[in-house]
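As a plain string of letters, each chain reads:
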Amino acid sequence: MARLSLPTTARLSPSLRVDPANNTVIKTLNRLSRSSLLSLVLDWLDERNQYLCPPLLRRPEAPDEDDEDDFYPPAESLEELRGLYESMQARKGGRREVVDRILEGDWRYGLSLYQLAMADLQYLYDHPGSLKWTAYRIQQLKTPAHEDDAEGPERTDKESLTVPRFHPSTFLQNLQAEVLPDVKAHYNFDRPKDMPLLLLRIFIIDSPYNTDLAVSTRHRGRPGSNGSSKSPTTSFDASRTIYIAFPDASPHIYISKSATGGAASSAGAAGEAKSLRALIVEGIPKALSRPRERYTLKGTNLTTKNISTMLAVKGAGRTNAAGGGWSIYAGTGTSDLKTDSPLQTLLPTPPLSDASNTDTDKPDTDSRKRRRPTSDPTDVEDEKQAKQARLAAQARFGNSAKVDDGKGIERLDVLIEDPFPTDVANFSDEDESEVQDRAALLSRNSSKGRRSTLNLSTMLDNQENVDDNRAGRSGERDRKGWAPQVRVSFHGSHVFAGIRQLVEAGIIDGEKMPGWMTGEEGVTIGAVRNGRIKGFKGSGL
Amino acid sequence: MASDEPQSQELSVAEKLDNEIATLRAQVESLKRDLKLQTATLITSDSTLELLKADSTKKSGIKKPNDSSRLQELLTRADEQNAHKQQCLYRTCASITTFKVRDPDPNAVDGGNVLGLRFEVMSKSRFLRPYYVMLNRPYPNSRFLRVHRHTVPQCIPLSGLAARHLPPPVAKDDDSDTPKRQDLSSFVRALRRELVRYHNRTAVIGDLRSMAGLESKKGKAKELEVPITDISAADAQAKQIRIEWSDGRSGRLVMDDNGDIVKMVVQGEDGQDRETMRQFLGGSLRVEDVVKQLESA
């Protein structure tokens, strides 16, 4: 390490070591399970990682340095250490044992920032729902044609034909330049095995130095070390970690909001973390831009903990703007490919007809029932209705919103701005109230803080959606009389699958159900006008 | 021990039966498929059609009503099959076809009328799953179209194309711009062009890979001086190709929309490696020429 610590604007080196007594280090390691901790350690001991996370080994030239009190005597070689951890993998035991060995034994002189990043990422892979992701769309800005235009507000170039390209190392360089010099960050890129995206972890430290001083607490007390003893110890906080995901071949980015952030830390720290996050979020479009090609981020009203939902709705594939019932057009299975080919000579069979579902289980039981002479006319009627409801669900949801597809959202907030129906008979009022009741039942904890976000987003929408006003709908609400503000929120592990099940059970009328309840708009927050989510969100443009 | 054995035997018997059932089911499925295929072929052939028609005219009066309804059923089936055949023919030859969809949303604009566009794209001598673009008319008192739903991948600049060729109607209050016109056919043409070019670019990258021996598992790889370890698209639009050699050199080839080579850079251990670049390109102007160059190398 360098002897002199000069304030710089460079980023933090991944090999910087953090004192094992630091709370963050202990917390990070203790979050992991024993098995993932051990596999992580074996990764650290890999030959290629030695530069970034070397363990403490006994020096061959000084073999008699042994300290009798040392509970974890340093190993002779990497192989020995690897064997040791492998044997721990084979036998049972507690997590405590491994954490102690790491902190007090093999890495007693500190864990590198790289190691911390790996541990944090491991936790993220073990618990994919631990973070809340918000999707942003990357949009190109108009290059001002005239000097006067440059002063005015930024305008997005809607006619641009370029798809934003992203180059990791250039991006990092530019981002570091955007972040203030008194804030240091450690960046770590990783590629999850089973998802087509690149994950960037940003760990922020309030310190002007990029050497040991930034992270260590031990040097603080030393007199005359650049006057840093005056400053409080560097605060490490989990909420200072930001993840940014770059999906492959998609002009979107997902930014994480730590779900557990504000709970433990004080209000001040939470606010600070928020401002840091805002700083980073502001820096991202600038870092993506290059001369004569400027970008901006635009919110997409989609926030979820489930990253595979994100990839389905804002990813690279065909499913982005074909949600709900439209998903039959976006099918990617091989069977879809066959039926869709123009060389297919067979007549396409309409979904849910007798010919098309010989292979699934449910119709089998149905046909068996049908064969049985049912004398009771109510049974026949019930069966007919059940089939109708299933058909309606298939028509409205297509192949999406299945309980087991792993693409659920946890929360859907909708603000209804439609006027109160005066002609109740024509409006499916019973269904609406039913839904709201169920939603109320489902929402175990109706937190009031979230509502403000809904209000905020609709306010933003009002400002942004010139399209809507242009279409001449703005005055409509005043004309039609009383319009109560109704907010509907749905909670659950997979909201749209739940709605689908209600449709299949005949509780919601599948034909009268509004389109935003199928999830085809691809938003988790929105305002409904004329029965549709405002702003043409579903088209993905 | 004694009690264990019969149990395992029982298990195996059950398993066997399960397997047998599964294979039989598969057989039934394939037979059903065969049957469907045969029916489809038979029913559309001219001779069958003639026979059916002759039957219907001859025996229309005399036969039992049950039989004639069966005949009618067959004729409608033949009609359907013929219509499908014609549609398929159009789809194969025209590559862009339209169809009508009804929006299932009860609150859909314009009574749920949606115009569907179907784009057929061929790649590697195979029809890919078509891309769909659905258009509707959300603007009151105007017949202007708007993209409602689509399955076009993100690497195609659909929003830019839509803004150029299908602009929203101008509001009354801002009268600055010239009256905008929508041009559906030029939108469709431009979009198809983008789709096809994108697939051609990815196909060329695939060709490069197979020429460098990266696609096949073993053998067939050409003996190059320094083998290439990776060729892949470096950006979303597949306009940039990343090339890596086993000795650590890496290169970037940039092509334009049409596959003309814009530039190429190879970075070696000590700066730019122009020699490798020249060798790799061999004076080619298009990416396809590079494929040939690799083939002959």
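Per an unreviewed UniProt entry, chain B is named Cenp-O kinetochore centromere component, and its organism is Daldinia eschscholtzii. According to the UniProt record, the Sequence similarities (unreviewed entry) comment for chain B is "Belongs to the CENP-O/MCM21 family."

The name an unreviewed UniProt entry gives chain A is CHL4-domain-containing protein, with Daldinia eschscholtzii as the organism.

A. Layout of the pairing of strand S4 (residues 184–190) of chain A. All names here are of chain A. Burial runs high along S4: 5 of the 7 residues are buried. Two elements, S4 and strand S5 (residues 197–205), share 7 bridges in a ladder whose sense is antiparallel. Bridge pairing links Ala185 to Ile204 in S5. Where S4 folds back on S5, the antiparallel hairpin that results is connected by 6 residues.

B. Broad picture of the packing of aromatic side chains. Overall, the coordinates contain 8 aromatic pairs over all chains when judged by the stated rule. Ring pairing ties together the aromatic residues Trp326 and Tyr329 of chain A together with Phe99 and Tyr132 of chain B, which thus form one cluster. One residue, Arg31 of chain A, lies across the ring of Tyr123 of chain A, its end atom 3.8 Å from the ring centre.

C. Quick peek at the interface of chain A and chain B. With 56 residues of chain A in contact, the opposing surface of chain B contributes 59 residues. Taken as a group, Arg318, Trp326 and Tyr329 of chain A account for 15% of the area that chain A buries against chain B, more than any other trio of residues on that side. For the pair chain A and chain B, the number of links is 2 salt bridges. Glu520 of chain A is the partner of Arg149 of chain B in a salt bridge, and the nearest nitrogen-oxygen pair spans 2.8 Å. Class assignment of the residues belonging to the side of chain A that touches chain B gives a composition of 23 nonpolar, 17 polar and 16 charged.

So, how was this worked out
- Residues numbered from 1 in each chain as written.
- Chains lettered and ligands numbered in written order.
- Predicted model: local features only at pLDDT ≥ 70, side-chain atom pairs only at ≥ 80, totals over all residues.
- Heavy atoms only, no water.
- UniProt positions renumbered as here; feature names shortened; annotations may be inferred.
- Buried < 20%, exposed > 50% of the residue type's maximum accessible area, 1.4 Å probe, protein only.
- Helix = DSSP H or I, 4+ residues; strand = E, 2+ residues; numbered from the N terminus.
- Pairing = 2+ DSSP bridges.
- Phe/Tyr/Trp six-rings, centres within 6.5 Å; stacked < 30°, edge-to-face > 60°.
- Lys NZ or Arg CZ within 6 Å of the ring centre and 35° of its normal.
- Contact = heavy atoms within 4.5 Å.
- Buried area = accessible area lost by both parts, 1.4 Å probe.
- Salt bridge = Lys/Arg side-chain N within 4 Å of Asp/Glu carboxyl O.
- Nonpolar A, V, L, I, M, F, W, Y, C, P; charged D, E, K, R; others polar.

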